[in-house]
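Coordinate inspection notes
The lines below spell out each chain.
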Amino acid sequence: MLSTRWLPGPHVPGDTAVVVSETAFQLNRAIDLPRACWAGWRLSRLWPELEGAVALRLWADPLRRRIGSVSVWREGADLDRFVRLRAHADIVRAYRGKGTLTTRTWESIGVPGG
C-alpha cells in the first residue's frame, strides 16, 4: 500500500471536534487505476486553499485496484462545499460506473493517527 504523508490544510483546529471523511474507491479494471490516481493527486493540489480543510492523506493499493483518502475538516459544511466543487464533481462523473465507492464520516478530536 502507498500513501502520502498528512498534508496540512489552512485550518488548524486546536482541541475542538473535527469531521473526518474516509473514502475508498474499488476500480473494476486495473487499466483505470493510473488515470484515477492521477486525478486524485491533481485534486489534492487544491487542498492548501480549501476553506475549513485541516489535513489530508491519500492512499493507493494497486494490487487490489483501490484508491482513497482520509480528509479532516473543521465542520461538515466545509466537507459539503468540497464535494460540490466542480473539480471534484468532474472526477466523480468521469469515474461513475467504473468501480464501487464507499465512504464514512465521523467526528473526532484531532487528526486520526496524525
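Residues numbered from 1 in each chain as written. Predicted model: local features only at pLDDT ≥ 70, side-chain atom pairs only at ≥ 80, totals over all residues. Heavy atoms only, no water.

What follows concerns the packing of aromatic side chains. Evaluated as defined, the whole model comprises three aromatic pairs. Summarising the aromatic geometry, the rings of Phe25 and Tyr95 are spaced 6.5 Å apart at their centres and angled 80 degrees between planes, so their arrangement reads as edge-to-face. Placement of Phe25 in strand E3 (residues 17-27) and of Tyr95 in helix H3 (residues 86-95) is noted, with a sequence separation of 70 residues between them. On the basis of relative accessibility, which here comes to 12%, the residue Phe25 falls in the buried class. Classification of Tyr95 by relative accessible area gives buried; the value is 11%. (Phe/Tyr/Trp six-rings, centres within 6.5 Å; stacked < 30°, edge-to-face > 60°. Helix = DSSP H or I, 4+ residues; strand = E, 2+ residues; numbered from the N terminus. Buried < 20%, exposed > 50% of the residue type's maximum accessible area, 1.4 Å probe, protein only.)

Attention now moves to the side chain of Ser69. Turning to its location among the elements, Ser69 is positioned in strand E5 (residues 66-73). Sequence-distant contacts of Ser69, defined by excluding residues within four places in its chain, comprise Ser21, Glu22, Thr23, Leu56, Arg57, Leu58 and Trp59. (Contact = heavy atoms within 4.5 Å.)

With 11 residues, the main nonpolar core is built from Leu7, Val19, Leu43, Trp47, Leu50, Ala53, Leu56, Leu58, Trp73, Leu79 and Phe82. The element contributing the most residues to this core is strand E4 (residues 53-61), with three residues. Aside from chain neighbours lying at most four places away, what touches Leu58 is Leu2, Ser3, Thr4, Gly40, Trp41, Ser44, Gly68 and Ser69. In this structure, Ala36, Cys37, Ala60 and Ile67 belong to the second largest nonpolar core, which totals nine residues. (Core = buried A, V, L, I, M, F, W, Y, C linked by side-chain atoms within 4.5 Å.)

Once that is clear, we can look at the pairing of E4. The buried fraction of E4 is high, at eight of nine residues. In terms of strand pairing, strand E1 (residues 2-3) meets E4 through two bridges, oriented antiparallel. Note that in E4 the partner of Leu2 across the bridge is Ala60. In the sheet, strand E2 (residues 7-8) pairs with E4 via two bridges, with the strands oriented antiparallel. Residue pairing across strands places Leu7 opposite Leu56, the latter belonging to E4. Hairpin geometry of E4 and E5 is characterised by an intervening segment of four residues between the two adjacent antiparallel strands and by a positive phi of about 60 degrees at Arg65. (Pairing = 2+ DSSP bridges.)

To continue, consider the pattern of salt bridges. Enumeration over the complete set of coordinates arrives at nine salt bridges. When the shortest N-O distance is used, the salt bridge between Glu22 and Arg104 registers 2.5 Å. Placement of the pair is Glu22 in strand E3 and Arg104 in strand E6 (residues 99-109), with a sequence separation of 82 residues. Salt bridges linked by common partners bring Glu51, Arg74, Asp78 and Arg81 together as one network. (Salt bridge = Lys/Arg side-chain N within 4 Å of Asp/Glu carboxyl O.)

Moving on, we get to the packing of helix H1 (residues 33-44) against H3. Axis separation between H1 and H3 bottoms out at 10 Å; the angle between their running directions is 170 degrees. Comparing their axes, H3 and H1 come out roughly antiparallel. In this structure, H1 contributes Arg35, Ala36, Ala39 and Leu43 to the contact, and H3 contributes Ala87, His88, Ile91 and Tyr95. By residue class, the composition of the contact of H1 with H3 is six nonpolar, one polar and one charged. (Axes fitted to C-alpha atoms, helices over the stretch in contact; angles between N-to-C directions. Parallel < 35°, antiparallel > 145°, perpendicular 65-115°, else oblique. Nonpolar A, V, L, I, M, F, W, Y, C, P; charged D, E, K, R; others polar.)

The values are spatial; any link to function lies outside them.
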